[in-house]
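Residue-level structure breakdown
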Amino acid sequence: DAGVIQSPRHEVTEMGQEVTLRCKPISGHNSLFWYRQTMMRGLELLIYFNNNVPIDDSGMPEDRFSAKMPNASFSTLKIQPSEPRDSAVYFCASSRDRAAGNTIYFGEGSWLTVV
Amino acid sequence: AQSVTQPDIHITVSEGASLELRCNYSYGATPYLFWYVQSPGQGLQLLLKYFSGDTLVQGIKGFEAEFKRSQSSFNLRKPSVHWSDAAEYFCAVAGGSYIPTFGRGTSLIVHP
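Before going into details, it helps to say that this report is about the structure given with it. (Residues numbered from 1 in each chain as written. Chains lettered and ligands numbered in written order. Predicted model: local features only at pLDDT ≥ 70, side-chain atom pairs only at ≥ 80, totals over all residues. Heavy atoms only, no water.)

Two side chains with opposite charge may pair up if their charged atoms get near one another. Summed over all chains, the structure comprises 13 salt bridges over all chains. E44 of chain A is paired through a salt bridge with R41 of chain A; the nearest N and O atoms lie 2.7 Å apart. Assessed through its relative accessible area of 15%, E44 of chain A is described here as buried. With a closest N to O distance of 2.8 Å, K78 of chain B and D85 of chain B form a salt bridge. You'll find K78 of chain B and D85 of chain B in the same group, each marked buried. A single salt-bridge network, built from bridges that share partners, covers E62, R64, E83, R85 and D86 of chain A. (Salt bridge = Lys/Arg side-chain N within 4 Å of Asp/Glu carboxyl O. Buried < 20%, exposed > 50% of the residue type's maximum accessible area, 1.4 Å probe, protein only.)

What follows is the structure in C-alpha cells.
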C-alpha cells in the first residue's frame with residue numbers, strides 16, 4: 001500500500017503569496033495530522049483530524065493558517081499570506097484510528113521556503 | 001499532561017560501537033512509548049513501540065528499547081552501529097491524549 005503522499009515536496013515562494021500544501025493519507029486511515037518541523041521549535045502538531053473533522057487545531061499558529069479535509073483521502077494546509085518565519089518542513093501523517101497506541105505514518109514532508 | 005525529554009541533542013559514535021539514546025517521559029499512568037527515526041530529507045519512520053508486557057521491546061534495524069517505570073525512561077539501544085544509522089531519532093509518548101508528544105530529537109553522528 002502506498003504511504004502518506006504529500007505535494008509539493010519543495011516550494012519556494014515570496015512573502016505575501018498563498019501557499020497550499022496537499023496530503024493524501026494512507027487508505028483506510030481515519031486520523032490525519034499536520035506537523036511543522038523547524039530547528040528552533042522541533043516537531044509541532046498544527047492540527048488533527050478524525051473522520052475528516054478537525055478535532056484539535058490548538059497548534060495552528062495564527063489565522064493565516066487554515067486546514068481542510070473535504071474527504072477521507074485528501075487534506076490541505078493553506079498559508080495566506082505567507083511570511084518568512086513560516087519557512088519549515090511541513091509533515092502530513094495518518095493513523096488507523098484514535099487509539100493512543102496507534103502508529104503514526106509520516107509523509108516525506110513539504111519543504112517550504114518563504115523569501 | 002504528557003511530555004518527553006531527550007537530554008542529548010547530538011551523539012557521536014564510531015561505526016561498530018554500541019549506542020544508547022536517552023528518553024525520559026512524564027505521564028501519570030502507563031504510557032504508550034515510541035521511537036521514530038528520521039533520515040535526512042525524509043519523514044519519520046517508526047522503529048519500535050511499547051504498550052505493555054515485556055519491558056524490553058525489539059524493533060526494526062536491530063534496535064531495542066527498555067521501558068523502566070521507576071526511572072520514567074525508555075532508552076533506545078543498538079549493540080553495533082552502522083554508518084547508515086546516522087539520522088535524527090525521536091522519542092514520543094502517548095497517554096490520555098491519543099496524540100503523541102514528540103521529544104526534540106537526538107542527532108546521531110557515526111564516525112567511520
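As a further point, take the side chain of H29 of chain A. In this fold, H29 of chain A is placed in the loop between strand 3 (19-24) and strand 4 (31-38). Beyond its immediate sequence surroundings of up to four residues, H29 of chain A is in contact with S94, S95, R96 and Y105 of chain A. (Helix = DSSP H or I, 4+ residues; strand = E, 2+ residues; numbered from the N terminus. Contact = heavy atoms within 4.5 Å.)

In this section: the sheet that holds strand 3 of chain A. Residue and element names in this part refer to chain A. The strand order across the open sheet built from four strands is 1-3-8-7, with neighbouring strands paired in antiparallel fashion. Among the strands making up the open sheet, the edge pair consists of strand 1 (5-7) and strand 7 (65-71). On average, adjacent strands in this sheet sit at an angle of 15° to one another, irrespective of strand direction. Examined bridge by bridge, strand 7 and strand 8 (residues 74-79) share five bridges and lie antiparallel to one another. Directly across from F65, in strand 8, lies its bridge partner I79. (Pairing = 2+ DSSP bridges. Axes fitted to C-alpha atoms, helices over the stretch in contact; angles between N-to-C directions.)

Quick look at the state of the cysteines now. Taken as a whole and assessed by the stated rule, the structure comprises two disulfides over all chains. A sulfur-sulfur distance of 1.9 Å marks the disulfide that ties C23 of chain A to C92 of chain A. Around the S-S axis, the bridge from C23 of chain A to C92 of chain A shows a dihedral of about -70° and counts as left-handed. Highlighted residues: C23 of chain A in strand 3 and C92 of chain A in strand 9 (residues 88-95), separated in sequence by 69 residues. Judged by its relative accessible area of 1%, C23 of chain A falls in the buried class. What pairs with C23 of chain B in a disulfide is C91 of chain B, and their sulfur atoms sit 1.9 Å apart. Here the disulfide of C23 of chain B and C91 of chain B is left-handed, its torsion about the S-S bond being about -65°. (Disulfide = S-S within 2.5 Å.)

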